[in-house]
Amino acid sequence: MNGHYSKCDFFNYKRKDLAKYGNASNLQLNEKIKEMKKRGEKVYHVSFGQSPFPLPEEMVEALKKHAHQLDYLSMYGIIELRQAICNLHRQFPTSIPTEYLNPDNIVVTDGSKMALYLLMALTDSVVVLVAPAWVTYHSQVTLTGKKSIVIQTTYEDGWKLTPHSLAQAVERQAQPYENKLVIFTNPGNPSGQVYTAEELRELAEVFRKYKMIVVSDEIYSYSTYDDTDYVSLSKFYPEGTVITTGLSKWASGGGWRIGYAMFPPELSFLRNLLGSAASHTFTCAAAPQQYAVSEYFNNHEACAEYMKHCTRILHAVSLFCSRKLREAGLKVKDSNASYYMYPDFSNFRDKLAKRSIFTAEEMCAVMFTETKVALLAGGVTHLDSPESLTVQLCYVNFDGKAALAASRKIGLATKIGDEFVLKNCGTTVEAIGEITKWCTKLQES
């Protein structure tokens, strides 16, 4: 061929079911906004759930000490970290049964996202998703080639799954007792809502009746606000619940990629499968991080101080935001945890229609053009109904380092509120101001 190659068409290699498969919408939007900021453009980025706070100093120092660690480690995670995880959950209990708090029932993963994906891939099941849902869940289901059942929730139900809607969705299937893996998010993403103990107890009865395995994504459990009691589903359904969580949210270590899955003895077979899959995929979570995190997780005083300051700041910001948005005419629930709320613009549906805006995606695009506020559309992006005019609002675009320093200076004995938010979380205040002004103009049009 004299050094020349004929042009080949390799597109037939692509799986047919991945024809519309693309990047995670939140990550893609985040990259776009980073580029805009590099060019000096002003953008109010309230569409990405990354902690605004700096890493705990103790964790950074521990990483410096362990940066030399280079060995391949156990596929399950080092014993020191698995024991530290047990110690952490005993010190800061979320009602997880004691049988989970055994190093032999834990697998450390390359972020909790990897644990979620592999658990879907390893089970012979249909995957049940609760909408609105984190943008990655459905894409992971597609990647595994599994079938899914999507159960819609409503504003009136607090964006929470109910026993009735769960049972109804199951009974509609041709095989109601077919294996089902439920991805259950508590606290909720994108809603920021936390299930009560009674709500979990009632759901557990339905899970048990249909012999479902539930993966309870509890990544925001340690970001629950102090006026809300957090209870893990595992308290009421211990034989069938796998817990996934990590340090990306409450400890601000998103880029460290340390997550873990916790299993009851009844699901030890799945724990073994996950460990085996780890050995054939990511091998092990990064060695320096594992040693550093195990050291930090055993420093309970430092963990408690950091958690308390970060969650009270987020709580104050969330209350400020939800109140201002309701005053502007939006339907929005106060968040109980995390970085998120899920505002509903349906009260403006007629006004939006006059501007030929009919979907959440169209609304977010117009708002971004006119206000430079970047919101992540609800609707189909979050498996919500196509006509939904909801958005995910991440109220964490403020200077977390400065806010954390201010909170520490004030001290935990002194409560914080709007005055603190106005003084220390200005960019979030400005973003909410731009949204409310846009709504006012829309209402007056």
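All figures in this text were calculated on a predicted structure; none of them were measured in a lab. (Residues numbered from 1 in each chain as written. Predicted model: local features only at pLDDT ≥ 70, side-chain atom pairs only at ≥ 80, totals over all residues. Heavy atoms only, no water.)

Caption draft 1: Inspection of empty space enclosed by the protein at higher detail. Taken as a whole and assessed by the stated rule, the structure comprises two cavities of 30 Å³ or more. The computed volume of the largest cavity comes to approximately 140 Å³. What lines the largest cavity is a set of 14 residues, among which Val130, Pro132, Trp159, Thr185 and Gly188 lie closest to the centre. Take the lining of the largest cavity: its biggest share by element is three residues, from strand β5 (residues 180–185). Classifying every residue of the lining of the largest cavity by side-chain character gives eight nonpolar, six polar and no charged. Volume-wise, the second largest cavity comes out at about 60 Å³. The wall of the second largest cavity is formed by Ser51, Phe53, Tyr222, Ser223, Lys249, Trp250, Ser252, Met307, Cys310, Thr311, Leu314 and Tyr339. Taken together, the residues of the lining of the second largest cavity sort by class into seven nonpolar, four polar and one charged. (1 Å grid on protein atoms, 1.4 Å probe; cavity = no way out; pocket = protein on both sides within 12 Å on 5 of 7 lines; lining within 4 Å. Points joined across faces, edges and corners; volume = space filled by probe spheres on them. Helix = DSSP H or I, 4+ residues; strand = E, 2+ residues; numbered from the N terminus. Nonpolar A, V, L, I, M, F, W, Y, C, P; charged D, E, K, R; others polar.)

Caption draft 2: Region of interest: helix α3 (residues 79–91). For α3, built from 13 residues, the straight-helix expectation of 18 Å at 1.5 Å per residue is met to within 8% by its first-to-last C-alpha distance of 18 Å. Where α3 is concerned, the buried positions are Leu81, Arg82, Ala84, Ile85, Cys86, Leu88 and His89. Packing partners of the buried residues in α3 comprise β2 (106–109), β7 (241–246), β8 (259–262), α8 (268–280), α9 (287–297) and α10 (300–327). (Expected span 1.5 Å × (residues − 1). Buried < 20%, exposed > 50% of the residue type's maximum accessible area, 1.4 Å probe, protein only. Contact = heavy atoms within 4.5 Å.)

Caption draft 3: Seen up close, the nonpolar core. Judged by nonpolar contacts, the single largest core of 88 residues is most densely connected at Trp250, Met262, Phe297, Phe345, Leu375, Leu393 and Ile435. Tallying contributions element by element places α10 first for this core, with 13 residues. In this structure Leu375 touches Leu29, Val46, Ser47, Cys364, Met367, Val391, Gln392, Leu393 and Ile435, once residues within four positions along its chain are discounted. Counting residues in hydrophobic clusters, the runner-up holds 36 residues, among them Leu181, Phe263, Ala277 and Leu376. (Core = buried A, V, L, I, M, F, W, Y, C linked by side-chain atoms within 4.5 Å.)

Caption draft 4: The arrangement of the pattern of salt bridges in detail. In this structure the tally under the stated criterion is 18 salt bridges. For the salt bridge of Lys437 with Glu434, the shortest nitrogen-to-oxygen distance reads 3.2 Å. Separated by three residues within a single helix, Lys437 and Glu434 lie in helix α15 (residues 426–444), roughly one turn from each other. Members of the salt-bridge network, linked through shared partners, are Glu57, Glu305 and Arg408. (Salt bridge = Lys/Arg side-chain N within 4 Å of Asp/Glu carboxyl O.)

Caption draft 5: How the structure looks around the environment of Asn105. Tracing the backbone shows Asn105 in the loop between α3 and β2. Its relative accessible area of 13% is what places Asn105 among the buried residues. With 162 residues separating them along the chain, Asn105 and Leu267 place their C-alpha atoms 9.0 Å apart. Beyond its immediate stretch of four places on either side in the chain, Asn105 contacts Glu99, Tyr100, Ala261, Met262, Phe263, Pro265 and Arg271. In this structure the side chain of Asn105 is engaged in a polar contact, spanning 2.6 Å, whose partner is the backbone oxygen of Glu99. (Polar contact = N/O pair within 3.5 Å; in protein donor to acceptor, adjacent residues only side chain to side chain.)

Caption draft 6: Molecular detail of α10. In this model, α10 (28 residues) spans 40 Å end to end at C-alpha, consistent with the 40 Å of a helix rising 1.5 Å per residue. For α10, the tally of buried residues reaches 20 of 28 residues, placing the bulk of the element in the interior. Count one or two residues on from α10 and you reach Gly329, which has phi positive near 105 degrees.

Caption draft 7: Fine view of the state of the cysteines. Going through the model one piece at a time under the given rule, you end up with zero disulfides. Free cysteine Cys394: the closest other cysteine sulfur is in Cys321, separated by 11 Å. Classification of Cys394 as buried rests on a relative accessible area of 1%. (Disulfide = S-S within 2.5 Å.)

Caption draft 8: Region of interest: the packing of aromatic side chains. Per the counting criterion, the structure on display carries 17 aromatic pairs. The interplanar angle of 90 degrees and the centroid separation of 5.9 Å between the aromatic rings of Tyr222 and Trp250 together place this pair among those described as edge-to-face. One end of the pair, Tyr222, is in the loop between β6 (213–217) and β7; the other, Trp250, is in the loop between β7 and β8, and 28 residues separate them in sequence. The same class applies to Tyr222 as to Trp250, namely buried. Centre to centre, the rings of Trp250 and Phe297 are 5.8 Å apart; their planes meet at 25 degrees, and the pair counts as stacked. Pair noted here: Trp250 is in the loop between β7 and β8 and Phe297 is in helix α9, with a separation of 47 residues, a long-range link. Accessibility classification places Trp250 together with Phe297 in one group, the buried group. Counting every residue linked through ring pairs, the aromatic cluster contains Phe92, Tyr222, Trp250, Tyr296 and Phe297. In this structure, Arg271 packs its charged tip against the face of Tyr76, placed 3.9 Å from the ring centre. (Phe/Tyr/Trp six-rings, centres within 6.5 Å; stacked < 30°, edge-to-face > 60°. Lys NZ or Arg CZ within 6 Å of the ring centre and 35° of its normal.)

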